[in-house]
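Inside the fold
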Amino acid sequence: HYFALPTNPGEQFFMFCTLAAWLITKAGHPFEQPQEYDDPNAIISNVLSELRSFGRPVDFPPSKLKAGYGEQACYVLDCLAEEALKCTGFSWKRPAYPTEELEEEEITEDDAELTLNKLEEDVAEEESDNEENFIDLNVLKAQTYRSDMNDSAKHEEILQSTIDAAEWNLEVERVLPQLKVTVRTDNKDWRIHVDQMHQHKDGIESSLKETRGYLDKLHNEISRTLEKINSREKYINNQLEHLVQEYRSAQALLSEAKEKYQEGSGGVTERIRVLSEITEVLERVKQETEEKGSSMTDGAPLVKIKQALTKLKQETIQMDIQIGVMEHTLLQSKLKEKSNMTRDMHATMISEAAIGAY
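Since the model is a prediction, treat every value here as computed from it, not as a measurement.

1. Some words on the pattern of salt bridges
For the coordinates displayed, the defined rule picks out five salt bridges. With a closest N to O distance of 2.7 Å, Glu82 and Arg56 form a salt bridge. Here Glu82 is found in helix H3 (residues 71-88), whereas its partner Arg56 is found in the loop between helix H2 (40-53) and H3, with 26 residues between them in sequence. Across the salt bridge formed by Arg273 and Glu270, the nearest N and O atoms sit 2.3 Å from each other. Of this pair, Arg273 and Glu270 both sit in helix H8 (residues 241-297), three residues apart, which is roughly one turn of the helix. Arg273 sits in the partly exposed class, given a relative accessible area of 40%. Owing to a relative accessible area of 39%, Glu270 belongs among the partly exposed residues under this scheme. A cluster of three or more residues bridged by salt bridges with shared partners is formed by Arg56, Glu82 and Glu83.

As C-alpha cells, then:
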C-alpha cells in the first residue's frame, strides 16, 4: 500500500530503490545499495537490467519508476520479491488460525420493565454461565411447590423452628447476592424511548422558562436602546440640516467642475496631439534645411564636378583620336577598294579588246 498511492515522491523513490536493491541481493545477484544523491536514471536502468536478467518482461518506459509509486513500481517489487523467495527456498504452509475466545459482553445494570420472555432468557443464560453460583428459579419454584405441599400435608408437625438465628442471618447474607435479578436494558424498547422523550421535554421546558426571562429582558433592553438611537439620530439630523444642504450644493458644484475639467482636458489632449504632429513636421523641415545648407556650403560637390569634367575632356580627346584613326583607316580602305575597282575595270577592258582582235 505504501507504493500504491502518492504521498511523498522523493521519499517513496528512495525507499523503492533501497528495497529493490535489497531484494536483488537476496535473490543472489550482488547489487550496490543506492545512496540518496545518486543519479535516479542510472539506478532505474540497473534495476531494470537485473529484472530482465531474471527473465521478467519489462514493457513500460523507465520514466514510470521515477515517481516511486504506481502500478509499475508495485510490479517490479512483486517480481523481485518472488525471485528472492525462490532463491531462499521459501515454501508456503497452511495457515494456523488461533482459537478465539468469545468475550462476554459487558451489560450495565439498570432498572427497567421486566418482561417474561426477557426474564426467561436471562435465567437460561445465568444457568448456562454460572451453574454453581446462581440458583435455578424453576428448581426453586418446584422445591417451593413441593415444600408447600408437604407443609400443607404436614403442617401439624412443624410447630417450632430449631435453626439458630445467627446461622440463618449468615445464610441469608450469603445467598442474597445470588438471588438478585438483573434486568438488562433493551435499547429497542419503545417505552425507553418514550421515557427519554419525556425527560428531554421536561428538561427543555425547564430550560425554556429560565431562558425566556433572559431573552425578554434582553429584548426590552435592545428595544430601549433602538428607541434612544432613533431619537438621537433625528436630533442630529435636525441640527445638521443646513450643513447637509451646504454639502449637497458643494457636491453639485464639484460635479459641474469635474464635467468642465473633463471637457477642457479633452480639448487639451486634442491640441497636444496636433502640437506633436506639427513638431514632427517642423523637425523634418529643419533636418531637410540643414542637409541643403550643408550641401550648399560644402565644396566637395564642386571638386567632384571639376574632376568629372576633366575626366570627360580626357575621354573626349581619346574618342577624337579613336575617331581620327577610324576615319583614316576607313579612308585607306575606300582608296584601296577604289584602286582595286579601277584595276579590275582596266583588266576587263584589255581582255575584251584582245578577244575582239581575235
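2. Observations regarding H2
The end-to-end C-alpha distance of H2 is 20 Å, a good match for the 20 Å that 14 residues give at a rise of 1.5 Å each. Among all positions in H2, only Ile43, Ile44, Val47, Leu48, Glu50 and Leu51 are buried. Relative to the axis of H2, the buried residues are bounded by an arc of 160° and lie together on one face. Each element contacted by the buried residues of H2 is listed here: helix H1 (9-26) and H3. Of the residues flanking the end of H2, it is Gly55, one or two places downstream, whose phi is positive at about 85°.

3. Quick notes on the side chain of Gln12
Mapped onto the fold, Gln12 is located in helix H1. Here Gln12 is in contact with Tyr2, Phe3, Leu5, Pro6, Thr7, Ala67, Gly68 and Tyr69, once residues within four sequence places are set aside.

4. Quick word on the nonpolar core
Formed by 25 residues in total, the largest nonpolar core has its most connected members in Phe16, Val47, Leu65, Val76 and Leu80. Broken down by element, this core gets its largest block of residues, seven residues, from H1. In this view, Val76 contacts Phe16, Val47, Leu51, Phe60 and Leu65; residues no more than four positions away in its chain are not counted.

5. Quick look at the confidence of the model for the chain
Per-residue pLDDT for the chain averages 79, and the proportion of residues at 70 or more is 77%. Within the chain, helix H4 (residues 116-129) has the poorest average pLDDT of any element, 50, and helix H7 (residues 190-239) the best, 90. This model gives residues 103-116 a pLDDT under 50, and the stretch forms ten contacts once residues within four places in sequence are excluded. Across residues 127-136, where pLDDT falls below 50, the model places ten contacts with residues more than four positions away in sequence or in other chains.

6. Thoughts on H1
For H1, with 18 residues, the first-to-last C-alpha span of 25 Å sits near the 26 Å given by 1.5 Å per residue. Inspection of H1 places Gln12, Phe13, Phe16, Cys17, Ala20, Ala21, Leu23 and Ile24 among the buried residues, and these make up the whole buried set. Considered in projection along H1, the buried side chains sweep an arc of 165° and stay on one side of the axis. Buried-residue contacts for H1 involve H2 and H3. Backbone geometry just after H1 places Gly28 at a positive phi near 105°.

7. Quick word on a nonpolar patch on the surface
On the surface, a cluster of nonpolar side chains totalling about 460 Å² of accessible area is made up of Leu215, Leu218, Ile222, Leu226 and Ile229. Topologically, Leu218 is positioned in helix H7. Judged by relative accessible area, which is 44%, Leu218 ranks as partly exposed.

8. Notes on the packing of aromatic side chains
When we look at a pair of aromatic rings, we describe it by the centre distance and by the angle of the planes. Tallied over the entire structure, the rule returns three aromatic pairs. Judged by centre distance (6.2 Å) and plane angle (85°), the rings of Phe60 and Tyr75 are edge-to-face. Within this pair, whereas Phe60 is found in the loop between H2 and H3, its partner Tyr75 is found in helix H3, the two being separated by 15 residues in sequence. Linked through ring pairs, Tyr2, Phe3 and Phe16 together constitute an aromatic cluster.

9. Looking at the packing of H1 against H3
For the pair H1 and H3, interaxial distance at closest approach is 8 Å and the crossing angle is 25°. Our classification of the angle between H1 and H3 gives roughly parallel. For H1 against H3, the interelement crossing comes out left-handed. Seen from H1, the contacting residues are Phe16, Leu19, Ala20, Leu23, Ile24 and Lys26; seen from H3, they are Ala73, Val76, Leu77, Leu80, Ala81, Ala84, Cys87 and Thr88. Considering only residue class, the contact of H1 with H3 consists of twelve nonpolar, one polar and one charged.

10. Concerning the side chain of Glu50
If you trace the backbone, Glu50 turns up in helix H2. Side chain to side chain, Glu50 and His29 meet in a polar contact 2.9 Å long. Setting aside its immediate chain neighbours within four residues, Glu50 contacts Ile24, His29 and Phe31.

Rules behind the numbers
- Residues numbered from 1 in each chain as written.
- Predicted model: local features only at pLDDT ≥ 70, side-chain atom pairs only at ≥ 80, totals over all residues.
- Heavy atoms only, no water.
- Salt bridge = Lys/Arg side-chain N within 4 Å of Asp/Glu carboxyl O.
- Helix = DSSP H or I, 4+ residues; strand = E, 2+ residues; numbered from the N terminus.
- Buried < 20%, exposed > 50% of the residue type's maximum accessible area, 1.4 Å probe, protein only.
- Expected span 1.5 Å × (residues − 1).
- Arc of directions from axis to C-beta.
- Contact = heavy atoms within 4.5 Å.
- Core = buried A, V, L, I, M, F, W, Y, C linked by side-chain atoms within 4.5 Å.
- pLDDT = per-residue confidence, 0-100.
- Patch = residues over 30% accessible without salt bridge, like charges linked within 9 Å, V, L, I, M, F, W, Y side chains within 5 Å.
- Areas by Shrake-Rupley, 256 points an atom, 1.4 Å probe, with all protein chains shown as cover.
- Phe/Tyr/Trp six-rings, centres within 6.5 Å; stacked < 30°, edge-to-face > 60°.
- Axes fitted to C-alpha atoms, helices over the stretch in contact; angles between N-to-C directions.
- Parallel < 35°, antiparallel > 145°, perpendicular 65-115°, else oblique.
- Left-handed = near helix turned anticlockwise from the far one by under 90°.
- Nonpolar A, V, L, I, M, F, W, Y, C, P; charged D, E, K, R; others polar.
- Polar contact = N/O pair within 3.5 Å; in protein donor to acceptor, adjacent residues only side chain to side chain.

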